[in-house]
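Here are the chains, one letter per residue:
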Amino acid sequence: MTVLVLGAAGFIGSAIVAALERAGHQARCVVRNPANFQTRFPNADVRAVDLAKPRAALEETWIPLLDGVDGVVNAAGVLQPPSRAQAWAIHRDAPDALFRACESAGVRRVVHISAVGIDASQMLYARSKRAGEAALRARDLDWTIVRPVIVIGDGSYGGTSLIRALAAFPFAMPVIDRSDSLIGTIHNDDLAAGVASLVCGRKGIHTVIEAAAPDPKPLAELYAAYRRWLGVPGARVVRIPMPIARVAAVLGDLTRAHPITTTTLAQASGPLEGNPGAFESVTGIKPRGLESVLAARPAGTQDLWHARLFLIKPVLRLVLSVLWAVSGLTVLLSLEAAATVSVLLPLPAVVGTGAVLAAGALDLVIAAALFRHWKPALTADVQLVAAFGYTLVLSVFAPELWADPLGALVKNIALIVLILVHRVLERER
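Source: prediction; values computed, not measured. Every residue gets a number counted from 1 within its own chain, in the order that chain's sequence is written. Note on the predicted model: pLDDT of at least 70 is required for a residue's local features to be given, and 80 or more for side-chain atom pairs to be given and counted; whole-chain, interface and lining totals, by contrast, use all residues. Side-chain metrics in this entry use all non-hydrogen atoms of the structure; hydrogen atoms and water are not considered.

### Here's the deal with the side chain of Ser 128
For Ser 128, the position within the fold is in helix H5 (residues 124-137). By relative accessible area, Ser 128 is classed as buried at 0%. Excluding anything up to four places from it in sequence, Ser 128 contacts Ala 87, Trp 88, His 91 and Arg 92. Helix and strand definitions here come from DSSP, where helices need a minimum of 4 consecutive H or I residues and strands a minimum of 2 consecutive E residues; each element is numbered from the N-terminal end. With a 1.4 Å probe rolled over the protein chains alone, any residue whose accessible area is under 20% of its type maximum counts as buried; one over 50% counts as exposed, and the rest are partly exposed. Only heavy atoms matter for contacts: two residues are in contact if any of them lie within 4.5 Å across the pair.

In C-alpha cells, the structure reads:
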C-alpha cells in the first residue's frame, strides 16, 4: 500500500513512517523541510507542503499528491502554535482541504491523530483540534480518529521531554498538584504500529479510539519511574500548587518557552488515562506499560544529558537576552559611556559615537529576539557576528582591554561559547 502521511517529520509522524516501512508499505511523506527529512528516511517519497498556506491553495495541492495513494494518516499538529491563524490552518483548514480532496480522488481510508483531553477545554489547541475532527466526521470517508495519551519513546519531544527534565530535577521532584489523577502513556512504536494497522485495514471505521497502555500512574509515580531509569537518586516530591503552575505557564507563553505553556498545562489537567482495551481490540497491538518500556531500553548518557539540559535551554536563552539588553541599555541610556567607547575608534567623534549607539540598538534587538524566541538559528548567528565583531574591533584598537582585571574582553570568549551551546540546544530536529 501507499500511505500519505501528514506531519511525517514529527515525533509521532516519523514513528508512523518507520512502522509503515517495516510492514512493507510505501510512505508518501508531507513535510516542510524535505531535504532534512530525506536524509532520515532515504526510501520515503517526500513532498514539501506548507500546511499554513491559504486553504484555496492547499485544495489544489492535495489532488496530485493523492495519485496512487491507498490511505491517509494525518499526524500534523502543533501544541503551541505561533499564531491563532496557524492553529486553525494546521488543525482544521489544511486537513479539511485534504479530506475534501480524498472524497474527490476516491481515497476513502483516513486515520486522523488527535489528542485526549480536548473535549472540555476552551484553549486554542483543543478548539482547533476538535474542529479538525468535526471536519473529518462530516466527510463521506472511512475515517478513524485516534486520540493518544502522553506519547513516550526512546527519544523524546515536547511534553515528554519536560517529564524527563522534571524527573531528573536536582534535590527534589516538582510535581503539579492535580489530586493524583492518573496519567496514561503509550510508546511511540506501539502507537505507530496500531496506526499502520488501522490505515491498512478495515477495523475501527467511524470510531474514536483513545490510545493508551494499561498502567496509568499518578504524576509523581510517573516522574519517579523516569528518575530511577535515569539513575538519579531519589528525591522528595514537591507539589506545585496549580496557581503557581499557571503563572509559570503564562510566563512560558510570554517567552515562548515551549513546552512550559498554558496549553501544556491545560492538557495535563484533563483526563489522561485513555482506553487501552479499545486500542488493543481494534488494532491488535497491545501497548507496553511504562515499566516494561523503561526496562527494555536502559537509559544512556545521552538520555541523562538531555534531561539535565532541557530546562537549562530556556534559562540560557533568557540569560543571554538579559545580557544583551543590559549591554544595549548601558550604551543607549548614557551618552557619556557611548562617547568613552567611541574614542577607541579611528573615527570622528560624532561618527564614532553614532556607531557605538547603533551597536547598542543592535544589542537591544538581539535581546528582544531572544526573549520572544524569534528564529533561533538566525538570532544565534547574529549574536556570533556581533560578539566576534565587537571583540575584533576592540582587540585591534584597544588591545589593552585583554589585560583588564575585570575581563572586559576575556568574557567575550565565554559569551561566544554560550551562544554556540545555545544554538546547538535549539536544534531539536
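### A short note on helix H4 (residues 84-105)
With 22 residues, H4 ought to run about 32 Å at 1.5 Å a step, and its terminal C-alpha atoms sit 30 Å apart, in line with that. Where H4 bends most, at Ile 90, the angle is about 40°. Remark: Gly 106 follows H4 within two positions and exhibits a positive phi of approximately 80°. Working rule for helices: expected span equals 1.5 Å times residues minus one. Note on bend: at a given residue it equals the angle between the axes fitted to the 7 residues ending there and to the 7 starting there.

### Examining the environment of Leu 420
In this structure, Leu 420 sits in helix H18 (residues 410-426). Considered as a pair, Leu 420 and Leu 384 are 36 residues apart in the sequence and their alpha carbons are 8.0 Å apart.

### Comments concerning the packing of helix H14 (residues 312-332) against H18
Axis definition: a line fitted to C-alpha atoms, limited for helices to the stretch in contact. Angles are taken between N-to-C directions and run from 0 to 180 degrees. Running from amino to carboxyl end, H14 crosses H18 at an angle of 140°, the nearest separation of the two axes being 10 Å. Taken as axis vectors, H14 and H18 run oblique relative to one another. In this structure, the crossing between H14 and H18 has a hand that is left-handed. Contacts between H14 and H18 involve Lys 313, Leu 316, Arg 317, Leu 320, Leu 323 and Trp 324 on the former and, on the latter, Leu 415, Leu 418, Ile 419, Val 421, His 422, Leu 425 and Glu 426. We call two directions roughly parallel when the angle between them is under 35 degrees, roughly antiparallel when it is over 145, roughly perpendicular when it lies between 65 and 115, and oblique otherwise. Left-handed is the label given to a crossing in which the near helix is rotated counterclockwise from the far helix by less than a right angle, and right-handed is the label when the rotation is clockwise.

### Details of a nonpolar patch on the surface
Here the term patch refers to residues with relative accessible area over 30% and no salt bridge, with like charges joined within 9 Å and nonpolar side chains (Val, Leu, Ile, Met, Phe, Trp, Tyr) within 5 Å. In these tables, accessible area is a Shrake-Rupley quantity obtained with a 1.4 Å probe, and a residue counts as shielded only by the protein chains included in the view. One side-chain nitrogen of Lys or Arg within 4 Å of one carboxyl oxygen of Asp or Glu is enough to make a salt bridge. Nonpolar side chains collect at one region of the surface, where Val 247, Leu 251, Leu 254, Leu 318 and Phe 371 lie side by side and expose about 410 Å² of accessible area between them. Looking at which element gives the most residues to the nonpolar patch, the answer is helix H9 (residues 242-255), with three residues. Note on placement: Val 247 falls in helix H9.

### Describing the packing of helix H6 (residues 159-167) against helix H13 (residues 301-310)
Axis separation between H6 and H13 bottoms out at 8 Å; the angle between their running directions is 90°. In terms of orientation, H6 and H13 fall into the roughly perpendicular class. Where H6 abuts H13, its residues Ser 161, Leu 162, Arg 164 and Ala 165 lie against Asp 303, His 306, Ala 307 and Phe 310. Note on residue classes: Ala, Val, Leu, Ile, Met, Phe, Trp, Tyr, Cys and Pro are nonpolar, Asp, Glu, Lys and Arg are charged, and everything else, Gly too, is polar. Of the residues contributing to the contact of H6 with H13, the split by class is four nonpolar, two polar and two charged.

### Here we look at the sheet that holds strand E4 (residues 71-74)
Any two strands are treated as partners once DSSP identifies two or more bridges connecting them. Spatially, the seven strands line up as an open sheet ordered E3-E2-E1-E4-E5-E6-E11, and their pairing is parallel. The open sheet has two free edges, formed respectively by strand E3 (45-48) and strand E11 (207-211), since each of these has just one partner strand. Averaged over all pairs of adjacent strands, the angle between their axes in this sheet comes to 20°, without regard to strand direction. Summarising the sheet, strand E6 (residues 142-148) and E11 pair through five bridges and their orientation is parallel. Each bridged residue has a counterpart across the sheet, and for Ile 145 the counterpart in E11 is Val 208. The strands touched by helix H3 (residues 55-65) are strand E1 (2-6), strand E2 (26-31) and E3; relative to E2, the strand with the most contacts, the crossing angle is about 160°. Where H4 meets the sheet, its contacts fall on E1, E4 and strand E5 (109-113), and the angle it forms with E4 comes to roughly 170°.

### Details of the state of the cysteines
Cysteine pairs can be linked by a disulfide, which is a covalent bond between their two sulfur atoms. Here, the term disulfide refers to a pair of cysteine sulfur atoms separated by no more than 2.5 Å. All told, the structure shown has zero disulfides when counted by the stated rule. Here Cys 102 is not disulfide-linked; the sulfur of Cys 200 is the nearest cysteine sulfur, at 15 Å. Unpaired in terms of disulfides, Cys 200 finds its nearest cysteine sulfur in Cys 29, a separation of 13 Å.

### Examining unusual backbone geometry
His 258 connects to Pro 259 through a cis peptide bond whose omega is 5°. Topologically, Pro 259 is positioned in the loop between H9 and helix H10 (262-269). For Arg 256, which is not glycine, the phi torsion reads 55° and is therefore positive. Among the secondary structure elements, Arg 256 is positioned in the loop between H9 and H10. Looking at Arg 256, the relative accessible area reads 33%, which means it is partly exposed. Non-glycine residue His 373 carries a positive phi angle of around 55°. Here His 373 is to be found in the loop between helix H16 (349-371) and helix H17 (376-397).

Any functional reading would require information that these geometric values do not contain.
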